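The lines below spell out each chain.
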Amino acid sequence: SGMYDGIRGGDFDRILDEQSNNPGIKHFEKLTAGVYRGELTRLMLRAAAEEGLLSPEASERAKALGWIDSAVIDAWASGENLARICETAEDEEFVRQIACAMFERSARCMCTNLAAILLLTGAGTDEKKPACICAEGSLVQKGRAYRPVLEKLLREEVGEKLGLFAEYRIGNETTLPGSAAAALLN
C-alpha cells in the first residue's frame, strides 16, 4: 500500500516528497507512516511561523526546529512538552491541534486503505470470522494519539457504516513473517 498514489496530498506533502530520499514514489507511505509525521509537522509549523500564526517567540523556535520524530508530535498532541516551541496558550493550542490533525489524517488514510482491502477481498463479512488486521510500527505500538483515532475510525467507518467485521491486533516484527507468508502463497 505504501506505493499507492491515488490520494492527493497537499502543498506540504509535495514539499516533503521533493525533499525525501525517494521523491515521486511511496506517496501513501508518506501520508501515513510515523517516520514522516514529524517532518510534515515541522514544515507546517515553519510555514505558520512565516505567516504570523504563532507568537514571535514561538515563530523563532519553529523556524529553528530541526528534524523531529513522531514521538515529539505525539507528546504535543497529548499536551506535553509544548514549552519546547510554544510561548503562549494560543501557541500551545495551535501546535496541539496541528499535531492531532497529523495523526487524524494519517488514521483516515489508513482506515480508507483497510476498508478498501476488506471490500476488495470480501473479508470481514461474517461476524463469526472477522478479518484480522495486524498493525505494527511506532504509531500503533508506542504512540498515544494515533491508535485511538484509528480504532475509532475502523469501528465507525468499517464496522458501523460498511457492516464489516475486523479485529485489530498489534504485532511485533510482523514484516518478515508477513513477507514470507506472501511469498509462500504466491
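Residues numbered from 1 in each chain as written. Predicted model: local features only at pLDDT ≥ 70, side-chain atom pairs only at ≥ 80, totals over all residues. Heavy atoms only, no water.

This part is about the side chain of Asp-17. With respect to the element layout, Asp-17 can be found in helix H1 (residues 11–19). Within polar-contact distance, the side chain of Asp-17 engages the side chain of Lys-30 at 2.5 Å. Once residues lying within four places of it in the same chain are set aside, the contact partners of Asp-17 are Asn-22, Pro-23, Gly-24, Ile-25, His-27 and Lys-30. (Helix = DSSP H or I, 4+ residues; strand = E, 2+ residues; numbered from the N terminus. Polar contact = N/O pair within 3.5 Å; in protein donor to acceptor, adjacent residues only side chain to side chain. Contact = heavy atoms within 4.5 Å.)

What follows is about unusual backbone geometry. With phi around 60°, Lys-26 is a residue other than glycine that occupies positive phi space. With phi around 55°, Asn-81 is a residue other than glycine that occupies positive phi space. Here Asn-81 lies in the loop between helix H5 (70–77) and helix H6 (89–121). Residue class for Asn-81 comes out exposed when judged on its relative accessible area of 57%. (Buried < 20%, exposed > 50% of the residue type's maximum accessible area, 1.4 Å probe, protein only.)

In this structure, Trp-76, Ile-85, Val-95, Leu-150 and Leu-154 are the most contacted members of the largest nonpolar core, which totals 36 residues. With 8 residues, H6 is the largest single contributor of residues to this core. Discounting chain neighbours no more than four positions away, the residues touching Leu-150 are Ala-107, Met-110, Cys-111, Val-140 and Tyr-168. In this structure, Tyr-36, Leu-40, Met-44 and Ile-98 belong to the second largest nonpolar core, which totals 7 residues. (Core = buried A, V, L, I, M, F, W, Y, C linked by side-chain atoms within 4.5 Å.)

This next bit is on the packing of H6 against helix H8 (residues 146–161). When two helices pack together, their arrangement is given by the angle between the helix axes and by the axis-to-axis distance. Axis separation between H6 and H8 bottoms out at 9 Å; the angle between their running directions is 40°. Classified by the interaxial angle, the pair formed by H6 and H8 is oblique. Between H6 and H8 lies a crossing of right-handed hand. Across the interface between the two elements, Phe-103, Glu-104, Ser-106, Ala-107, Arg-108, Met-110, Cys-111, Leu-114, Ala-115 and Leu-118 of H6 pack against Tyr-146, Val-149, Leu-150, Leu-153, Leu-154, Glu-157 and Val-158 of H8. Among the residues making up the contact of H6 with H8, the classes are represented as 13 nonpolar, 1 polar and 3 charged. (Axes fitted to C-alpha atoms, helices over the stretch in contact; angles between N-to-C directions. Parallel < 35°, antiparallel > 145°, perpendicular 65-115°, else oblique. Left-handed = near helix turned anticlockwise from the far one by under 90°. Nonpolar A, V, L, I, M, F, W, Y, C, P; charged D, E, K, R; others polar.)

What follows is about the confidence of the model for the protein chain. With 93% of its residues at a pLDDT of 70 or more, the protein chain shows a mean pLDDT of 90. When mean pLDDT is compared element by element in the protein chain, helix H4 (residues 56–64) scores highest at 97, while helix H9 (residues 175–185) scores lowest at 67. (pLDDT = per-residue confidence, 0-100.)

Moving on: H8. With 16 residues, H8 extends 21 Å from end C-alpha to end C-alpha; this agrees with the ideal 22 Å at 1.5 Å per step. Along H8, the residues classified as buried are Tyr-146, Leu-150, Leu-153, Leu-154 and Val-158. Buried positions along H8 lie against H5, H6, strand E1 (131–135), helix H7 (138–141) and strand E2 (166–170). Looking one or two residues beyond H8, the residue adopting positive phi is Gly-163, at roughly 70°. (Expected span 1.5 Å × (residues − 1).)

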